[in-house]
Amino acid sequence: MTRTFVVPSDDEKKMILKEYRSLIKICRPNLKPGDEARIQKAFEIAMREHEGTRRKSGEPYILHPIEVARIAAEEIGLGATSVICALLHDVVEDTDFTAENIKKELGPKVSRIVEGLTKIKIIKGVTKNKTKDSVAHQAENLKKILLTLSEDVRVILVKIADRLHNMRTLKSMPERKQVRISAETLYIYSPMAHRLGLYAIKTELEDLCLKYMIPETYKEIATKLAQTKRDRDRFIRDFINPLKEKLTDKGIKNFEIFGRSKSINSIFNKIKNKNVEFEEIADLFAIRIVVDVPPEQEKEDCWKIYSLVSDQYRPIVERLRDWISNPKSNGYESLHTTVMGPGGKLVEVQIRSKRMDEIAEKGVAAHWKYKGGKASGNALDNWLERVREALQNQDADAVDFVNDFKHNLYEKDLYVFTPKGDLRTIRGGSTVIDFAFDIHSEVGRKCIGAKIKNKLQPISHKLSNGDQIEIITSKKQKPSKDWLEFAVTSKARTRIKADLKAEKRIIADDGKLIFERKMKSLKEEITRDLIDQIVTFYKQGDALTFFYNIATKQFNVAELKKLSIIGGKIQNIVDRKQNASKTEEEPAQEYEVNTDVDLQIFGGLDNVDYHIAPCCSPKQGDSVFGFITIASGIKIHRQSCPNAKDMKTRYPYRVVKTKWASESKDVSFLTGLRITGIDDVGLVNRLTGVVSRELGVNMRSISFDTVDGVFEGNIAVYVNSTKELNNLIKGLKALDGVHEVRKYST
Ligand code: MN
């Protein structure tokens, strides 16, 4: 960050002191004796060290740490130590003051947290300029952040406060930086805030990201929200008034009832994902009832209020969500119900105690505050425990780990039961095999299926909430490669991979013998270097894979005869290399011609994972759509199928566009992929190369945008099977510079 040195004017000094005093005022109720003096000391150090420096906006730099401290105290509810760390958070990185100095002045705890905060930045600095292996790097980065997190959550909380203030003041940054910082916030910080239960902050961060990344859309939604506010407010008033009366009549005291609008970002997501207009969104707001009662009475009162609400408005029973008996893993507790309001409009009502509300809005810190109270759930502690456990798992490769973690950030947890009735939490999307490994790795290895609801289910069976699972094992069972296609937890995946690797090694030993015999017959001397050359020449990945492929006859050793080796060096390499670089240099225009191919030829392709739906049995030429079923791949229905409307309205996300290929009965699905990554020369070439050359997938359109090195592309492709799609995604993900490949509905 470039900063200019200008000593603050008298007015500015006054302003700084005023800001500091207001910070102290906020902190005071929670301070222990001596805390204020320590905060004062931290402030003086920060003041002295940042003296004369200014932010991009021109204001004195010290205002930033003061504001970060205020956010930490007021909006996250943190105590004195965090406030001190927030005041000092930029000191070690930006000035000559060291962590050692901080330790002397304010003790080891503060210096450790500030050091953690500094480390996060430094790791980031390394990755910024590195496009090679960037996925792995980012993953490694995130893993390190998480490691710090599990040591002391305060590091992350102060970091989030820091990020929030930077996002709030992003206006004064140049545009390309705005986009980059927003992208990073969306990638790491808002999911983190979500996981830590900092709902209000997560929402604000996402709205700010949208504001800087897609300004027109943001503005459009904000305007429409403002325009419709009057009508909404009137509706909320009409909805609330009779309820208020009723609750008071029935002796509920100390409650608040109000309407809350959806965030701009969540409205945006709805428009995008469900493909609807702003005007079509029914739930632009929710009603919240917050009751202030002692912990031992809160559950009873919430249910009492629920019953009064449903006396007044007819509830939609299936939409009742009881997060009080079963808190979410980020600590969220609340009772949600949807009722039929005036004019037949569906309205969500959230019922919770003041304690629950504070945890929902402020997350962890509030959670700690109430921890003494007996009503607090320990879901969050469980989660932190799991983070710690996962981090201690040294074998997990960082990418796998981060995928699992990021998935964890968004995906809802599943609550399932052991045969004895013990409740276990497992990542959403988990299958029988994940559950088996979660119980014990030996149970996982030997698992052949499970009994769920008196039915036998395969190891690939996806679990549902409330399942009681009895794992069935067999001594003869052992992990196989296809398990990786449905195992989703990093615990299961890591163990399976380790086992497979061990087995691969045993098989590879045979291959090595075959290789050595062949080389002997060719009178070539085997050196480590020569093996490496051969592996590279035949694109075998590594020696282990090479020997394994020989043993499994995927590589024919007769090929080796074709090599001309002189002095331990393969001579053919020159030709290959020339060929390779030639393909890379193909001009970009060639791919642009490909940007709107609408190919309809699908003859001779197999591996199609679809079935014709028996309910309407479409024939070739009918206009059709695909519907993803739980158990049997994709089912093809006529557009005019009697069930079509139901499927499309209830499960729009499971509908895939489908059309007949012209010459055969094969069908293909139009799928959109969104690719984000770090742009460098040739990324677009490599992407289109993978799609059209290597995988032979038919691309319909591609569009991409690069802003300050952050690449975002959308491609629409026709694929013939989910397998083909997965291969494509895998191929794209393997490219240097690609961060994430996601499906979106076209
Ligand atoms: Mn900062």
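Here the structure is a predicted model, which means the values were calculated and not measured.

**Student:** Can you help me understand empty space enclosed by the protein in this one?
**Tutor:** Which parts of space are left empty comes out when a probe the size of a water molecule is rolled across the atoms. All chains considered together, the criterion is met by 3 cavities of 30 Å³ or more. The computed volume of the largest cavity comes to approximately 80 Å³. Contributing to the lining of the largest cavity are Val6, Pro8, Ile16, Met47, His50, Glu51, Gly52, Thr53, Arg54, Pro60, Tyr61 and Ile62. A class-by-class count of the residues in the lining of the largest cavity yields 7 nonpolar, 3 polar and 2 charged.

**Student:** Please explain helix 1 (residues 10-27) as it appears in this structure.
**Tutor:** The end-to-end C-alpha distance of helix 1, which contains 18 residues, comes to 26 Å, matching closely the 26 Å that a straight helix rising 1.5 Å per residue would cover. Residues of helix 1 that are buried include every one of Glu12, Ile16, Tyr20, Leu23, Ile24 and Cys27, and no others. Along helix 1, the residues classed as buried sweep out an arc of 120° about the axis, all on the same side. What points out from helix 1, more than 90 degrees from its buried face, is the exposed set Asp10, Asp11, Lys14, Lys18, Arg21 and Lys25. For helix 1, the elements touching its buried residues are helix 2 (35-49), helix 3 (63-75) and helix 4 (80-88).

**Student:** Explain the side chain of Asp434 to me, please; I cannot follow it from the model alone.
**Tutor:** The residue Asp434 is located in helix 20 (residues 432-439) in this model. Buried within the structure, Asp434 lacks any salt-bridge partner; its nearest side chain of opposite charge belongs to Arg427, at an N-O separation of 6.9 Å. With sequence-adjacent residues up to four places away left out, Asp434 is seen in contact with Ile426, Phe486, Ala487, Val488, Thr489 and Ala492.

**Student:** Sorry, what's going on with the packing of helix 12 (residues 215-227) against helix 14 (residues 264-274) here?
**Tutor:** Here helix 12 crosses helix 14 at 105°, and the two axes come no closer than 10 Å. Considering their axes alone, helix 12 and helix 14 lie roughly perpendicular with respect to each other. Judged by residue contacts, Thr217, Tyr218, Ile221, Ala222 and Leu225 of helix 12 engage Ile264, Ile267, Phe268 and Ile271 from helix 14. Looking at side-chain class alone, the contact of helix 12 with helix 14 contains 8 nonpolar, 1 polar and no charged residues.

**Student:** Would you mind showing me how to read unusual backbone geometry here?
**Tutor:** Leave glycine aside and you will find that most residues have negative phi; peptide bonds, for their part, are mostly trans. Look at Asn454: it is not a glycine, yet its phi comes out positive at around 65°. With respect to the helices and strands, Asn454 occurs in the loop between strand 8 (447-452) and strand 9 (455-457). On the basis of relative accessibility, which here comes to 73%, the residue Asn454 falls in the exposed class. Of note in the backbone geometry, Lys523 takes a positive phi value of approximately 60° without being a glycine. Looking at the secondary structure, you find Lys523 in the loop between helix 22 (490-521) and helix 23 (528-537). By relative accessible area, Lys523 is classed as exposed at 73%.

**Student:** Help me understand the sheet that holds strand 4 (residues 335-340) in this model?
**Tutor:** Adjacent strands of a sheet form backbone hydrogen bonds with each other and so pair up, either parallel or antiparallel. An order of 1-2-5-4-3 is seen for the 5 strands of this open sheet, with the pairing classed as mixed. Both outer strands of the open sheet, strand 1 (255-261) and strand 3 (321-322), are each paired with one neighbouring strand and no more. Of the pairings in the sheet, the one linking strand 3 to strand 4 comprises 2 bridges and is antiparallel in character. If you follow Asp322 over to strand 4, its bridge partner there is Leu335. Where helix 13 (residues 229-249) meets the sheet, it contacts strand 1, strand 2 (285-291), strand 4 and strand 5 (346-353), and its direction lies at approximately 160° from that of strand 1. Strands strand 1, strand 2 and strand 5 of the sheet are contacted by helix 16 (residues 354-362), whose axis makes an angle of about 110° with strand 5.

**Student:** What is the right way to read helix 4 from this model?
**Tutor:** Residues that lie three or four places apart on an α-helix share one face, since the helix turns once every 3.6 residues. Helix 4 sits mainly inside the fold: 9 of its 9 residues count as buried. Considered for burial, the residues of helix 4 that qualify are Ala80, Thr81, Ser82, Val83, Ile84, Cys85, Ala86, Leu87 and Leu88.

**Student:** Please explain the confidence of the model for the chain as it appears in this structure.
**Tutor:** In regions of low pLDDT, the predicted coordinates are not meant to be interpreted in detail. Residues with a pLDDT of 70 or more make up 78% of the chain, whose mean pLDDT is 79. Across residues 123-133 the pLDDT falls below 50, and counting only partners more than four positions away or on other chains, this stretch makes 17 contacts in the model. This stretch, residues 573-608, has a pLDDT under 50; its non-local contacts, to residues over four places away or in other chains, come to 46 contacts.

**Student:** Looking at this structure, how should I read the environment of Leu463?
**Tutor:** Among the secondary structure elements, Leu463 is positioned in the loop between strand 9 and strand 10 (469-473). Sequence separation of Leu463 and Arg427 is 36 residues, and the distance between their C-alpha atoms is 9.8 Å. With residues up to four places along the chain from it excluded, the contact list for Leu463 reads Leu414, Ile426, Ser430, Thr431, Val432, Phe435, Ile452 and Ile469.

**Student:** What am I meant to see in the packing of helix 9 (residues 153-168) against helix 11 (residues 199-213) here?
**Tutor:** Relative orientation of the contacting elements helix 9 and helix 11 amounts to 35°, with a least axis distance of 10 Å. Here the hand of the crossing between helix 9 and helix 11 comes out left-handed. Touching Ile160, Arg163, Leu164, Met167 and Arg168 of helix 9 are Ile201, Glu204, Leu205, Leu208, Cys209 and Tyr212, all from helix 11. For the contact of helix 9 with helix 11, the class distribution of residues is 8 nonpolar, no polar and 3 charged.

**Student:** Looking at this structure, how should I read the packing of aromatic side chains?
**Tutor:** One pair of aromatic rings is described through two measures. These are the centre distance and the angle between the planes. What the rule picks out here adds up to 11 aromatic pairs. An angle of 80° between the planes, with centres 5.6 Å apart, marks the rings of Trp303 and Tyr306 as edge-to-face. Placement of both Trp303 and Tyr306 in helix 15 (residues 295-312) is noted, with a separation of 3 residues, approximately one turn of the helix. Given a relative accessible area of 29%, Trp303 falls into the partly exposed group. Taking relative accessible area as the criterion, Tyr306 reaches 14% and is therefore assigned buried.

**Student:** How should the nonpolar core be read in this particular structure?
**Tutor:** In summary, soluble globular proteins display a tendency toward joint burial of nonpolar side chains. In this structure, Ile39, Leu87, Leu88 and Ile160 are the most contacted members of the largest nonpolar core, which totals 61 residues. Broken down by element, the residue count for this core peaks at 9 residues, all from helix 9. Excluding residues that lie within four positions of it along the chain, Leu88 makes contacts with Ala42, Ile45, Ala46, Ile102, Leu106, Val110 and Val114. Grouped together as the second largest cluster of nonpolar side chains are 37 residues, Phe235, Phe285, Ile305 and Leu335 included.

Rules behind the numbers
Residues numbered from 1 in each chain as written. Predicted model: local features only at pLDDT ≥ 70, side-chain atom pairs only at ≥ 80, totals over all residues. Heavy atoms only, no water. 1 Å grid on protein atoms, 1.4 Å probe; cavity = no way out; pocket = protein on both sides within 12 Å on 5 of 7 lines; lining within 4 Å. Points joined across faces, edges and corners; volume = space filled by probe spheres on them. Nonpolar A, V, L, I, M, F, W, Y, C, P; charged D, E, K, R; others polar. Helix = DSSP H or I, 4+ residues; strand = E, 2+ residues; numbered from the N terminus. Expected span 1.5 Å × (residues − 1). Buried < 20%, exposed > 50% of the residue type's maximum accessible area, 1.4 Å probe, protein only. Arc of directions from axis to C-beta. Contact = heavy atoms within 4.5 Å. Lys, Arg positive; Asp, Glu negative; His and termini not counted. Salt bridge = Lys/Arg side-chain N within 4 Å of Asp/Glu carboxyl O. Axes fitted to C-alpha atoms, helices over the stretch in contact; angles between N-to-C directions. Parallel < 35°, antiparallel > 145°, perpendicular 65-115°, else oblique. Pairing = 2+ DSSP bridges. pLDDT = per-residue confidence, 0-100. Left-handed = near helix turned anticlockwise from the far one by under 90°. Phe/Tyr/Trp six-rings, centres within 6.5 Å; stacked < 30°, edge-to-face > 60°. Core = buried A, V, L, I, M, F, W, Y, C linked by side-chain atoms within 4.5 Å.

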